[in-house]
Amino acid sequence: MGAVLMWSLALGTLRRRGSAFVATFVALLVGTAIVAACGGLMETGITLAVTPHRLAAAPVVVTCDQTYDLPKADPADEEEDVESAVLPERVRLDGDALARVSRVPGVLRAEADRESGAVAVWTTPDSGEAVADRIERAVPGTVALTGDERGLAEHPEALLSRENLVVLAAVFGAMAVMVALFVVSTTLALAVRQRRREMALLRAVGATPSQVRRMVLIEALAVAAPATALGCLAAPFLGRWLLARLAGAGVVPPVVEFRQGLIPPLVAAGVAVLTAVVAVLAGVRGTVLARPTEALAEAALPAGRVGPLRRALAAFCFAGGVALALVSVLFMPVSLVSSTAGPAVLLWAVGLALLGPALVKWITNALPWPFRGPAGHLAILNCRARAVTLAAVITPITLASGMATANLYMQTTQAGAASAAYAHTLRADAALSPVSPGLLDRVRAVPGVEGASEYVTSTGFVERPHDNWQREDGWPLWGVTAEGVARTMAFDVAAGSLADLRGNTVALTIEHARDIGRGVGLGDTITLRLGDRTAVDLRVVALLRVETGAELFVLPAALLAPHTTAGVPESVLVSAAPGTDLGGLGVDVRDRGALTAAHDAGQSTQAWVNYLLIAMILAYTAISLVNTQVMATAQRRREFALQRLTGATRAQVMRMTGLESLLVTGVGVLLGTVAAVVSLVPFAVAVAGTPFPSGPVAIYLVIVAAAAALVLAATWAPAWATTRGRPADAVAEV
């Protein structure tokens, strides 16, 4: 009988408290969809399905293995983990590969595909997998692809996107989980807090603590079940949309197909439901454990205390933020600093939000009277008295403003530093492309040309001696021409000369050279594995000074270009006197401004990806902000009615709520700014060598204005609707 009563009470409460129901429902639905979509992106990167086109008729496609096992520190140590990397250039099959594949038992016919260099294989029905295994054993260094993997032979560049997609989905998925946990728990905690008087009355008339817990648990599950189910259904659509945006930005090839199984939505739904259950049980704990009279008193005027658990969690978040800041400055290379700075701002924002009730009360008590008149006086008093409720509203403002400020200024700071570094390195006045045989000599013959160098890039790995700095994404390889590199590029040469870059030679950074084997110097030989798996022995002819994290190897372009997929240099860099005419060479000419703009556009493309994913999380936080504020304002119907009965006009009530909204926005943005600054300063030091991030002030002003507009809209709309009727009717209904 008691269980049936709790069920009826729970369902009846959901019908009567529409704003709380909608806010909780939306928070759970959107949070589940975002987390599941990020999981789908990760699964897409892991499975990497690429549908074949030209080779679709062949059940098996044979191509070279594009992976490379990094050398061990001790080749004899069998327990040392072997890390694998993806080679960036297309690896071609040997000339006799077609004949060897044709002789494998089970192969009916084998044909070479000229465009991809792969071998299409026809087998007897239902024997493709078995024949593929035999081919890989018979022809070492090859991979026999079946199913959707066959498309990788036509588009090997998709392999390079696997790690990027998995890491991107993992990082932003983890951030989405943290934000969803906090948003859902805050929304549910506010919904439970608004019902403390109701639950205290239930206790006073005889309800047991377990019955009250069962009631709120039923309510949470009744909302969570349909919300998470709809979120799981929406996740594939959101995931495909995100993958299309990433493909448009060049992060993944457009041929990669979205794949999402059951695990991502099940995990997302499980996290959302578990968060909802824990949040409501934690929110109702104080009410069910206290005596009914104490619970009624607490419901009438909740204290702004912060419990020991919240203080401990806040301390943990602050310690994590400090640790990540130190790692960013002291240990992380410039290219990876954002991977620690991004989570740092989230930790600081969450830590400040956990201390929200105490901080709100302290800030509002410490504030002078910023507003005049009765409305301003009431706004200040209400903020001080409702610190606990306002903390739930301020939390999403802190998260949104902190994350937006930090991430936007991280991108502008990183882009500014990269642009300055590129402009410093580039001495050329123009770049010519496409490159054909003899173009370099024709450029040098043009009157006014002071220097010209072929330019090509790739990625390689140190084979011998052992490289203590070796990483899976390899080292940048730049190919240049010895005779023109000094006039077209600005390298800081510490020892040796770039003019000696002829034949099998190399220049590398002086710091990196110290960590290869026992240290290498001028005249020593190292073995590099180039992007197409070719191993070359190179003599060190120059040592360079660069910033930590900007390590690279410089090789002769004539050596590097044949080992790229294109097989030719990317461009010819030219330094020329003003007025030099390069238009008669029959190639595309880009001046220095165009080169800098193209570099900045590439940086903007990468930044756009981060903007997209951060915007998705911020949109979720903004939805939570609106829902929470609507729920908090709609709950004050009786308070507004009593104010009007005592002489306040409807306009004065609206003015008071508007001033409260500005105060709430100010406190939330202040806390968010603190979280952003303590993360941006170490980031700027690591990236640009200065504690001041770069970027226009307008970015911050837009963030503040957007936060204020959202809070005002979410406050005035329900306040106007709540005060629409007669005050006496509102008091009687409540």
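Remember, it's a predicted structure, so these values are computed and weren't measured experimentally. (Residues numbered from 1 in each chain as written. Predicted model: local features only at pLDDT ≥ 70, side-chain atom pairs only at ≥ 80, totals over all residues. Heavy atoms only, no water.)

### Focus: the overall build of the protein
Turning to step 1, where the next piece is worked out: Within the protein, the secondary structure is distributed over 24 helices and 18 strands.
Turning to step 2, where the next piece is worked out: Of all 734 residues assigned to the protein, the portion counted as buried reaches 50%.
Turning to step 3, where the next piece is worked out: Contacts spanning at least 24 positions in sequence make up 81% of the contacts within the protein whose residues lie at least 6 apart.
Turning to step 4, where the next piece is worked out: Accessible surface, the protein as shown: approximately 32,400 Å² in total, 62% of it carbon and sulfur. (Helix = DSSP H or I, 4+ residues; strand = E, 2+ residues; numbered from the N terminus. Buried < 20%, exposed > 50% of the residue type's maximum accessible area, 1.4 Å probe, protein only. Contact = heavy atoms within 4.5 Å. Areas by Shrake-Rupley, 256 points an atom, 1.4 Å probe, with all protein chains shown as cover.)

### Thoughts on a negative patch on the surface
Turning to step 1, where the next piece is worked out: A grouping of D81, E83, E163 and E472 is seen on the molecular surface, where their side chains present a negatively charged patch.
Turning to step 2, where the next piece is worked out: Residue position: E83 is located in the loop between β3 (67-69) and β4 (84-86). (Patch = residues over 30% accessible without salt bridge, like charges linked within 9 Å, V, L, I, M, F, W, Y side chains within 5 Å. Salt bridge = Lys/Arg side-chain N within 4 Å of Asp/Glu carboxyl O. Lys, Arg positive; Asp, Glu negative; His and termini not counted. Charge placed at Lys NZ, Arg CZ, Asp CG, Glu CD.)

### Describing the nonpolar core
Turning to step 1, where the next piece is worked out: In this structure, L28, L41 and Y620 are the most contacted members of the largest nonpolar core, which totals 100 residues.
Turning to step 2, where the next piece is worked out: Among the elements that take part in this core, helix α6 (residues 157-193) stands out by supplying 13 residues, more than any other.
Turning to step 3, where the next piece is worked out: Other than its neighbours up to four places away in sequence, L28 contacts V184, V223, A224, A227, A272 and A276. (Core = buried A, V, L, I, M, F, W, Y, C linked by side-chain atoms within 4.5 Å.)

### A few points about the sheet that holds strand β7 (residues 142-145)
Turning to step 1, where the next piece is worked out: Spatially, the four strands line up as an open sheet ordered β5-β6-β2-β7, and their pairing is antiparallel. Each edge of the open sheet carries a strand with a single partner, namely β5 (107-112) and β7. Each strand of the sheet is rotated relative to its neighbour by a mean of 25 degrees, with strand direction disregarded.
Turning to step 2, where the next piece is worked out: As judged from the four bridges shared by strand β2 (residues 60-64) and β7, these two strands associate in the antiparallel manner. Looking at β7, one finds that T63 is bridged to V143. (Pairing = 2+ DSSP bridges. Axes fitted to C-alpha atoms, helices over the stretch in contact; angles between N-to-C directions.)

### Let's talk about the packing of helix α22 (residues 650-688) against helix α23 (residues 697-722)
Turning to step 1, where the next piece is worked out: Relative to each other, α22 and α23 sit at 145 degrees, their axes nearing to 9 Å. In terms of crossing hand, the pair formed by α22 and α23 is right-handed. Contacts between α22 and α23 involve R650, M654, T657, G658, S661, L662, T665, V669 and T673 from the first element and Y700, V704, A707, A708, V711, L712, T715, W716, A719 and W720 from the second.
Turning to step 2, where the next piece is worked out: Class assignment of the residues belonging to the contact of α22 with α23 gives a composition of twelve nonpolar, six polar and one charged. (Left-handed = near helix turned anticlockwise from the far one by under 90°. Nonpolar A, V, L, I, M, F, W, Y, C, P; charged D, E, K, R; others polar.)

### Things to note about empty space enclosed by the protein
Turning to step 1, where the next piece is worked out: Enumeration over the complete set of coordinates arrives at seven cavities of 30 Å³ or more.
Turning to step 2, where the next piece is worked out: Here the second largest cavity defines a volume of roughly 90 Å³.
Turning to step 3, where the next piece is worked out: What lines the second largest cavity is a set of 14 residues, and nearest its centre among them are G31, A180, A268, V271 and A272.
Turning to step 4, where the next piece is worked out: Those elements that place two or more of their residues in the lining of the second largest cavity are α2 (18-47), α6 and α9 (263-289).
Turning to step 5, where the next piece is worked out: Tallied by class, the residues present in the lining of the second largest cavity amount to eleven nonpolar, three polar and no charged. (1 Å grid on protein atoms, 1.4 Å probe; cavity = no way out; pocket = protein on both sides within 12 Å on 5 of 7 lines; lining within 4 Å. Points joined across faces, edges and corners; volume = space filled by probe spheres on them.)

### Description of the pattern of salt bridges
Two side chains bearing opposite charge may form a pair once their charged atoms approach each other closely.
Turning to step 1, where the next piece is worked out: A full pass over the atoms with the stated rule returns twelve salt bridges.
Turning to step 2, where the next piece is worked out: Between R259 and D148 there is a salt bridge, and its shortest N-O distance comes to 2.7 Å. Of the two residues, R259 is situated in the loop between β8 (256-257) and α9 and D148 in the loop between β7 and α5 (151-154); the sequence distance between them amounts to 111 residues.
Turning to step 3, where the next piece is worked out: Note on R259: relative accessible area 27%, which makes it partly exposed.

### Digging into helix α4 (residues 128-138)
Turning to step 1, where the next piece is worked out: For α4, the set of buried residues is G128, V131, A132 and I135. With its buried residues spanning 105 degrees around the axis, α4 presents them on a single face. Opposite the buried face of α4, by more than 90 degrees, sit the exposed residues E129 and R137. (Arc of directions from axis to C-beta.)

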